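Per-entry structural report
Take a look at the letters that make up each chain.
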Amino acid sequence: MKKYIYSVAFLLLSGLTACTDFLDTKPFDKITEEQTWSSENLTTSFIYQIYADVLGSDSWTAAYAHQNSCRAEGMTKNVMVGTLNQAYWSNDRAENMTKQNDYGWLSYNLLWRIHTAMDKIQNSPKLPAAYKDVAMGELHFLRAAHYFLYAKQYGGLQIIDRIYSLEDDLQIPRSSIKDTYDFIIGDLEKAATSLPETAKRGLATKSAANALLMRVALQAAAYVDGGIATSDYYKKVITAGKALKLNESGSQLVSYEKMFRSYEQAIASEELILTRERSKVNTSLYDCPMQYQGLWNTGKYSTYAQQHFPINVTMNFWGMDGGSWPTQDLVDDYLVQDTNGSIKYWGDASYVNTGANTDEKMYFSKTRKRDARFYTTVLYDSCMYFNGQARIFFRRDGNCSNANSKINEGSEREYGYKAGNVENYNSSTGYAMIKYHYDHVVSLQDPGAQKLDYCYSVLRYGEAYLNMAEAYLMTGDFANAKKYMIPTMVIHGGFNQAKAEQYLANKTGNDWNDELFKAYKRERNVEMVYENNDRYWSLLRWGMRKSGGIKNNEYLNNGFIIPELQGSLRGIRISRDGKTYEFFEDNNAVGEARFSTKRYLLPINESFRLKSGVKQNPGWE
Amino acid sequence: MIKQNKKLSGHYRKVLLGLLVLSSIDVADLRATTWATPLPNGGIVQQQKNVLKGTIKDENGEPIIGANVTIKGQNNGTITDLKGNFVLKCEKNDILIISFIGYKTQKIQLTNVGNNLFLNISMQSDNNLLDEIVVVGYGTTSVRKNSASIATVDTKPLKAVPYSDMTSALQGRVAGVIVQQGSAEPGQNGASVSIRGNGEPLYVIDGFIADKERFLSLNKDDIKSTTVLKDAASTAVYGMNAGNGVILVTTKQGEEGRLSIDYQSNFGFNQLSYPTERMNAFEYATAINKLNQSLGQGLNSFKSPQEMDEIAKNLGSYTNWEKTCMRNSAPQNEHSLSISGGSQKLKFYGSLNYLKQGGIYKTDVLNLNRYNYRTNVSAYFDKIGVTVDLNVNGSIKDEKYPGAGAWTIYSRMRDRTPFEKAFNKDGNLSNQFDNPMLVLQGPGYVKLRTVYNQLAAKVNWDLPWVKGLSVGFDGNYNIESQSKVDWKETATYYDDNGNATVDNPSNISISRSAYMDNQYDWNFRVNYKTTIKNNHNIQATLVHTRQFYKGDNLASASNTFYTTAIKQIQKGDAASITGSNWEGEKASMGYVGRLHYDYKNQYIIEFSGRYDGSDNFPSKKRFGFFPSISLGWAISEESFFKKVKDLGVFDYLKMRGSYGQIGINIKDNDDNEKDHWDYAYLSTYNYNTNAYVVNGKLVNTVTPGSTPSINMTWYTRTKYDIGFDFMTLKNKLEGTIDWFFEKTKGYLSANNYRYTKPIGYELPLEVSKAEDRIEGLDGSLKYSDKIGDLDFSVGANFTLYNSLYAKTNEDSVTLANPRIRKQGEKMNYVGTGYIGTKFYQSPEEVLNNPKRETSKDLRPGDLWYADINGDGKIDGQDQHRYGHNSSPSFVYGFDIFLGWKGFNVMANIQGTGPRETYMNSYVQGSEGERRLDFKYQLDTWSPENRNATFPRPGNNSMNSNNNYASSDFWSVKSQYVRLKSLTLSYNFKYSVLKRVNWLQNFTVFASGINLLAVGPSVKYGDPEAKDFDGYSYPMMRTYSIGFQLGF
């Protein structure tokens, strides 16, 4: 009997002991902090995520997120957004934003990660000094890029340059605009010294730091110094431009089309200084701008159009109602080479009188007389689309003109039926966007299944040239300004060097309506359209220069109202036979584009402001 | 506590069991005849054996059919026939044992035997079944000894009801249990289950902690008993996992006696329970015309009057999407076979079950096939007092779904208009955008096979040296594995010109995944049970228990298939192949103790608790103690109560109370609080795959994990319960009622009182001061009686509770408007927004009253919100909590049983108290034309229709969304009463099959679920659904017929 009792007791005891081990389970899919900072590999991976977060937050597709609309092309008159210019998408263009809007703020988590990495890397006994130097350069670069995104929107920001703890005063006030820009420029100058000359694609280099510095310093010159010719920030732009070895021949520039119409050519192009790529492993049409550019055809268009403009392929399960239809306002900015070779505004060229039809007057499909960037950027009436699958007609009663848009207004009266394509996801301006649209893409039912590699330009030489030109222009050095404007006109625009020089020869002045400044604005728009919403921030920069900059939260000259940010959008109505055209103006329920001076600095979300205690921007209180 | 349905069960069982044994009666008769054959001759009398005849009747003199008559210590035995007669051979001094369920077992010593002996035996009904065994956590008790709040569910009456899962079967049947079904999608239709308003309960099957999925897929025929543990006293033994209550299931064991085989088949079909009527083309065009008119686009801008006339003439030529995509009914059938029997030394039970459910879609793309098996074998080694139970069971579940989920399909169906077409004129699939038929007719599918196998063993040893002391070991090992394949391929479709779009190979993809979950549990038990001086009953239990889980999965995918004949990953584009896996483990352990003492079952005190540990917490903080105490006082057993008893009013009355602290350590999605995520206490970094691209190649990245919460712990729920159990009117009426009060503390929350965001990382979770409370009543009442041949019972049960945010972790912004903050408020409101909403009926009302600043174009027929703070304008400060959400806090149910000469009627009626369902933006139509679907949406305000359901036509961009802002206007009353189930059956053993010896039971039945509902929201759809938008798989009404055979 005792034997039994003992064995029972033994069983009991063995069951009751060793419980701590039993509950000591571990996760299989995590690493520790210690492992991370003692490995060069993992430290690099830590920085990669910061790249992903910083560069990803200013992407083209941000247009689709309402929160980022202030950074989207739809803020300007370059595009009509949404099917039929819907209210939702055009809200901010009509200046309907209030302090209840939330356009984001510095990501504290990102800054904490940057500062944690800076701290751990600098204090690491294991990491080699050369590695530390490059890594620190990258972190400074990324911190600057992150800050600049919000400095453009709000002006002065909270300057957080280290790890904050609970013991710190966390009601951090906003610094002045000057301090904020100086902080960013300081970071970029550090980055420019420690970053390498070359790096793997997707990582920052010396050139990237200099290129970003040019962009930042131009903005700073306007907002901090009111764009006075003597501003030190212009000097910084020029210094950085020289470091980038910019030259009259534009030797770093490549064909515009190569950068935007196929992945393979984009990554091979030397013009791109910093890119953000996506891999086909996890990228489909849904994850790139093409998602928003799609045209639809499911055969639902008029019998006339089916006879005259047939499409023998179904194009649907495609774009989204975000849409981004280029306006006539944008198209007007593409210059044309007239019969005598001179470069002109298209409306001033002889073809307007001699052309037999709209194409011969405006688009020159066969001879390609417009600025070459036009053909890379804009899809117009009677172009082939979807890798040659279909010919698209945006004209009245065309196979891809939106039946409900002004293009087909009054068609029932005219033809007795609703003309155009009744699928709403079709052009309502007469144009569609194809910059950043890869040529090999065809129409498939499920865009999610069409996997592809994709390459965004973050920084490139084309912009650097124009930034250089702008710095000279603003300082009154018109000769140098022209010198740096010509390379993009020639290499990207496809114009003859001499004719470009001739086009600029008599132009001078840097006030808003001065000819040289107007030519510069036009050149910059056609060069940078759909990239980083450059048009909007540039207009603000130039307008701020007219306003004299911000001192003590006030505009020195009472605030300049930017004419380009006001009024209706324009589209084209080409006749059914393609021979004639007229322009129409379009607005939506929320009205035409509006701009008042408070827009130079956007409102800070009120509920964030109440918690953080930061000051609101002027005009939004 | 009184068993739910007990009396019903008593009667039901009596009848059923009677029927079950009919054939053996005949066999016994036959045998008896054989034995008795010599009798008339009087000559051949077996030596020493005499023939005993007798009749067994109940207290009312009615014969008892199927009572067991055996002789102690022998295998001899028989069963009474339809007249209650039996014949048995016996010897002098044999002890006759007469037993029948529901009656007290009698022992009669045959002091005098002879051939003409005839016994008239009257059986006493086992009064109130107070001593019947009730299974509780880690043991058993009886109604008489119980002092906790528990309820048992008699699942037997459910046998003929075509419930495809167990949760629905609990609805409306148990006091304290609230069940709401939201969808009836085969394989997905698990209803939400709550005990007294708490979250998902713990499920325990045959003594081992299981999960809801296992409970759902039980063969309901296998269930012997289901107990619901509600208060602290009953749940403390499950420690930190039992805060939401426990549902405890015991499966059938073989029973000593004859071998029996049961077979049941039922064939059913499902129909939409409350299909909402869609607008036809004319109505839709009218609605859009009105909408456009409201938006300033003029009269008839969508369809001109001529077009409208044309539409009205050709209504049949437009699409009704429901009819296009769904069939009238979906089939469902179930077959179960069980075998049971055994001797004192070896008992066995085995069963097979097959369930098939089809989907309501027109094509057969959705179906569920489930196969269950179970064998329970119990061996008793009488010489050493050891019992060994082996329980092997498992299931295979095969699910097939279309290439898109129900939500996608239904949303596409809803978003279509009558003017769109699924098919072209030639009958081919059209290129309609988001055509639901493209999915339903497409070659794509999702298939899942889930296999579960469990091997459980229990050993119990009654130690021979100490009477009442036993030790035991229970162990269980189970494996669940699943194989899933998701084949994506789109059907070919055609545009209006007949151009075909064939799926591009790169569009065709496959993904497969598989997982295997392994889990073992074991319990080591010591029990001691003794009675001192006949009056002092002591029972003690100690258990050490452990659970360990380890699981992993593997998933892979590829795309671009040039042939669809082979659906294998490696046949796709090699460059597209991806793969991933996961693995993890979890462990928990506990020490359970229970000490019971009662004095003559009159005064009861019981302590129970668990010292419980979980790997969710940092070492040294892993264990918590969860104690409880309960007291019971059977007042009816007091001498002073005798007079009351004699009056025949109260036969039994017990008062009981309990108190205890239970834990909650589960991922429970409470809106305000963080959950117990795995390893939240560990400082970890995440290694993220494919997060950035460097040189064209995806690279991995590292991010800090969430801030380690080293102080995290379980939530503590303190529970109080006071209850009464009673039996009255000669035990015909029994009832129980409980008051309960629960306080939950220890919610984890980051310290949000101070603004700390700029530090850049989340503060760790700490135990906050937040506290929730629930208070309520639940109870049940059942009256059972017999009038002539009519057996009947009527039962009622209810649950009523209030839940409160006693203290919250609200931040400073929320605190600013006391009308929308939660603290001190009931939990179950619908939302916050404007209240007191009505229509502006005239321009004067618009002019002379407060309005929203942004609503610049208010007109009659727009919504007029109350100016709560009286500041003359309507803004955020006027917002207020409103309504009672769709989770009812009062539910009730009625169970009705009628039995007459083989005919049975069983019905269950279930209903809720106040409840409201929010009409979301889809139903409001605020998103414009593609959300206008239903006929009732035509009921918009106009000067001629001032009491409309909807404001004047419009959408959310009209007038700054005045009408569709969150307000009580859109919160629609949705309480209901429904005939949840009804079953009619007839057993032919009562008539034509009376004499068929080999057949014990042949019953045919017809049954239905969700047959009828009454309530204000029925016009919008099934009242039980959580919304009316029709974007999810709808609720079904099920009809079925079937039969049962017993051998």
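In this numbering scheme, every chain counts its residues from 1 along its sequence in written order. Think of it this way: whatever chain is written first is A, whatever ligand is written first is 1, and the rest follow in order. Selection of residues for local features in this predicted model requires a pLDDT of at least 70, selection of side-chain atom pairs for listing and counting requires 80 or more, and totals for whole chains, interfaces and linings are taken over all residues. Water and hydrogen atoms play no part in the side-chain values, which are based on all heavy atoms of the structure.

Some details on the overall build of chain B
- Comment: elements are numbered from the N terminus, with helices defined as DSSP H or I runs of at least four residues and strands as E runs of at least two. The secondary structure content of chain B amounts to 15 helices and 50 strands.
- The quantity called the radius of gyration is restricted to C-alpha atoms. Its globule counterpart is 2.2 Å times the number of residues to the power 0.38. Here the C-alpha radius of gyration of chain B, 33 Å, is about what a compact globule of 1047 residues would show, namely 31 Å.
- C-alpha atoms of chain B, sized along the principal axes, occupy 110 × 70 × 65 Å.
- Using a 1.4 Å probe on the protein chains alone, a residue whose accessible area is under 20% of its type maximum counts as buried, one over 50% counts as exposed, and one in between counts as partly exposed. Taking all 1047 residues of chain B together, 55% fall into the buried category.
- Whether two residues are in contact is decided by their heavy atoms, any of which lying within 4.5 Å being enough. Long-range pairs, those at least 24 residues apart, make up 71% of the contacts in chain B with a sequence separation of at least 6.
- The method behind every accessible area is Shrake-Rupley, applied with a 1.4 Å probe, and residues are considered shielded solely by the protein chains displayed. Split by element, the accessible area of chain B, about 42,700 Å² in all, is 55% carbon and sulfur.
- Think of it this way: Lys and Arg go in the positive column, Asp and Glu in the negative one, and His and the chain ends go nowhere. Taken as the charge location is NZ of Lys, CZ of Arg, CG of Asp or CD of Glu. If the 117 positive side-chain charges of chain B are averaged to one point and the 106 negative ones to another, these points end up 6 Å apart.

Side note on the overall build of chain A
- A tally of regular secondary structure across chain A gives 24 helices and 15 strands.
- At 28 Å, chain A has a C-alpha radius of gyration in line with the 25 Å of a compact globule built from 621 residues.
- Principal-axis analysis of the C-alpha atoms gives chain A an extent of 115 × 70 × 50 Å.
- Within the span of chain A, comprising 621 residues, buried residues form 64% of the whole.
- Expressed as a percentage of contacts within chain A between residues at least 6 apart in sequence, the contacts between residues at least 24 apart total 70%.
- As presented, chain A carries roughly 22,400 Å² of accessible surface, and 49% of it is formed by carbon and sulfur atoms.
- Averaged over its 71 positive side-chain charges, chain A has a centre that lies 1 Å from the centre of its 71 negative ones.

Things to note about the interface of chain A and chain B
- Taken together, the 74 residues of chain A in the interface contact 77 residues of chain B.
- When two components associate, each loses some accessible surface as probed by a 1.4 Å sphere; the sum of these losses over both components is called the buried area. The contact between chain A and chain B buries some 6,700 Å² in all, and 63% of this surface belongs to carbon and sulfur atoms.
- By salt bridge we mean one thing: a side-chain nitrogen of Lys or Arg within 4 Å of a carboxyl oxygen of Asp or Glu. At the surface where chain A touches chain B, the tally comes to one salt bridge.
- The closest approach of N and O atoms between R622 of chain B and D24 of chain A, which form a salt bridge, is 3.0 Å.

Remarks on the sheet that holds strand 6 (residues 106-109) of chain B
Residues and elements named next belong to chain B.
- Strand pairing follows a simple DSSP-based rule, namely that at least 2 bridges must link the two strands. Ordered in space as 3-2-5-6, the four strands form an open sheet in which the pairing is antiparallel. In the strand order of this sheet, the two ends are held by strand 3 (77-79) and strand 6, each with one partner. If you compare each strand with its neighbour and ignore which way they point, the axes differ by 20° on average.
- As judged from the four bridges shared by strand 5 (residues 95-99) and strand 6, these two strands associate in the antiparallel manner. Paired with I98 across the bridge in strand 6 is Q106. Axis angles are defined between N-to-C directions and span 0 to 180 degrees, where every axis is a line fitted to C-alpha atoms and, for a helix, only to the segment in contact.

Thoughts on the pattern of salt bridges
- According to the stated counting rule, one finds 82 salt bridges over all chains in the structure shown.
- A salt bridge links E527 of chain A to R373 of chain A; the shortest N-O distance between them is 2.6 Å. Highlighted residues: E527 of chain A in helix 22 (residues 515-528) and R373 of chain A in helix 17 (residues 372-377), separated in sequence by 154 residues.
- For R373 of chain A, a relative accessible area of 0% gives the class buried.
- Between K642 of chain B and D646 of chain B there is a salt bridge whose closest N-O contact spans 3.4 Å. Here K642 of chain B and its partner D646 of chain B are both found in helix 12 (residues 642-646), four residues apart, which amounts to about one turn of the helix.
- What makes D646 of chain B exposed here is its relative accessible area of 57%.
- Each of E271, D371, R373, K435, R460, E523, E527 and E531 of chain A takes part in one network of salt bridges that share partners.

A word on the confidence of the model for chain A
Residues and elements named next belong to chain A.
- Residue-level confidence of the predictor is what pLDDT reports, using numbers from 0 through 100. Mean pLDDT over chain A: 89, with 91% of residues reaching 70 or higher.
- Of all helices and strands in chain A, the one with the weakest mean pLDDT is helix 1 (residues 2-16) (55), whereas helix 19 (residues 461-474) scores best (98).
- Segment residues 61-65 is flagged for pLDDT under 50; beyond a separation of four residues in sequence, or across chains, it makes 12 contacts in the model.

Focus on a nonpolar patch on the surface
- Patch membership needs two things, relative accessible area over 30% and no salt bridge, and members are linked within 9 Å if like-charged or within 5 Å if nonpolar (Val, Leu, Ile, Met, Phe, Trp, Tyr). A grouping of Y603, W633, F640, M655, I722, I737, W739, L777 and L800 of chain B is seen on the molecular surface, where their side chains present a nonpolar patch of about 750 Å² in accessible area.
- Among the secondary structure elements, L777 of chain B is positioned in strand 38 (residues 771-787).

Things to note about unusual backbone geometry
Residue and element names in this part refer to chain A.
- Although it is not a glycine, E95 sits at a positive phi angle of roughly 55°.
- By secondary structure assignment, the location of E95 is in the loop between helix 5 (87-90) and helix 6 (108-122).
- Positive phi, normally seen in glycine, also occurs at F364, with a value near 55°.
- Position of F364 relative to the elements: it lies in the loop between helix 16 (358-363) and helix 17.

Things to note about the packing of aromatic side chains
- Any two rings among Phe, Tyr and Trp, with Trp reduced to its six-membered ring, count as a pair given centres within 6.5 Å; such a pair is stacked if its planes are under 30 degrees apart, edge-to-face if over 60, and tilted if neither. Taken as a whole and assessed by the stated rule, the structure comprises 95 aromatic pairs over all chains.
- Seen from their ring centres, W998 of chain B and F1047 of chain B are 6.1 Å apart, and the 15° between their planes marks the pair as stacked. Of the two residues, W998 of chain B is situated in the loop between strand 48 (977-987) and strand 49 (1001-1014) and F1047 of chain B in the segment after strand 50 (1036-1046); the sequence distance between them amounts to 49 residues.
- A positively charged side chain is recorded as over a ring if its NZ (Lys) or CZ (Arg) lies within 6 Å of the ring centre. The angle to the ring normal must also be within 35 degrees. Here the basic side chain of K303 of chain B rests over the ring of F419 of chain B, its NZ or CZ set 4.6 Å away from the ring centre.
- When the ring centre of F22 of chain A is taken as reference, the NZ or CZ atom of R546 of chain B above it lies at 4.6 Å.

With respect to the packing of helix 6 of chain A against helix 7 (residues 129-154) of chain A
All names here are of chain A.
- Two elements in contact, helix 6 and helix 7, have axes whose closest approach is 10 Å; the angle formed by their N-to-C orientations is 165°. Considered as vectors, helix 6 and helix 7 are oriented roughly antiparallel to each other. Seen along the crossing, helix 6 lies across helix 7 with a hand that is left-handed. Contact with helix 6, carried on its side by L110, L111, I114, H115, A117, M118, I121 and Q122, involves K132, A135, M136, L139, H140, L142, R143, H146 and Y147 of helix 7 and no other residues of that element.
- For the contact of helix 6 with helix 7, the class distribution of residues is 11 nonpolar, four polar and two charged. To sort the angles, those under 35 degrees are grouped as roughly parallel, those over 145 as roughly antiparallel, those from 65 to 115 as roughly perpendicular, and the leftovers as oblique. Note on convention: near helix rotated counterclockwise from far helix by under a right angle means a left-handed crossing. Clockwise means right-handed. Throughout this entry, Asp, Glu, Lys and Arg are counted as charged residues, while Ala, Val, Leu, Ile, Met, Phe, Trp, Tyr, Cys and Pro are counted as nonpolar. The remaining residues, Gly among them, count as polar.

Brief notes about the environment of Y256 of chain A
All names here are of chain A.
- You can see Y256 is positioned in helix 11 (residues 256-260).
- For Y256, a relative accessible area of 2% gives the class buried.
- Taking C-alpha positions, Y256 is 9.8 Å from K435, a pair spaced 179 residues apart along the chain.
- Beyond its immediate chain neighbours, meaning those up to four positions away, Y256 contacts R373, T376, T377, K435, R460, H492, V526, E527, M528 and E531.

Description of helix 4 (residues 40-56) of chain A
Residue and element names in this part refer to chain A.
- The span you would expect from a helix comes to 1.5 Å times its residue count less one. Here helix 4 contains 17 residues, and its C-alpha end-to-end distance of 24 Å stays within 8% of the 24 Å for a straight helix at 1.5 Å per residue.
- Of all 17 residues making up helix 4, 12 are buried, and the element is well covered by its neighbours.
- Of the residues making up helix 4, those classed as buried are L42, T43, S45, F46, I47, Y48, Q49, I50, Y51, A52, V54 and L55.
- Polar contact is defined as a pair of N or O atoms within 3.5 Å, subject to the rule that within protein one atom must be able to donate a hydrogen and the other to accept it, and that residues adjacent in sequence are counted only when both atoms are side-chain atoms. At the N-terminal boundary of helix 4, the capping side chain belongs to S39, with an oxygen 3.2 Å from the backbone nitrogen of N41.

What to know about the pairing of strand 14 (residues 569-574) of chain A
All names here are of chain A.
- In terms of burial, strand 14 is a largely internal element, five of the six residues being buried.
- Relative to strand 15 (residues 581-586), strand 14 runs antiparallel, the two sharing six bridges. Paired with I572 across the bridge in strand 15 is F583.
- If you look at the hairpin formed by strand 14 and strand 15, you'll find six residues sitting between the two strands, and G578 has a positive phi there, around 80°.

With respect to the sheet that holds strand 1 (residues 30-31) of chain A
- If you trace the three strands from one edge of the open sheet to the other, you get 1(A)-32(B)-33(B), paired in antiparallel fashion. Only two strands of the sheet have a single neighbouring strand rather than two, namely strand 1 of chain A together with strand 33 (697-704) of chain B.
- Helix-sheet contacts for helix 4 of chain A involve strand 1 of chain A together with strand 32 (685-694) and strand 33 of chain B, and the interaxial angle to strand 33 of chain B is about 100°.

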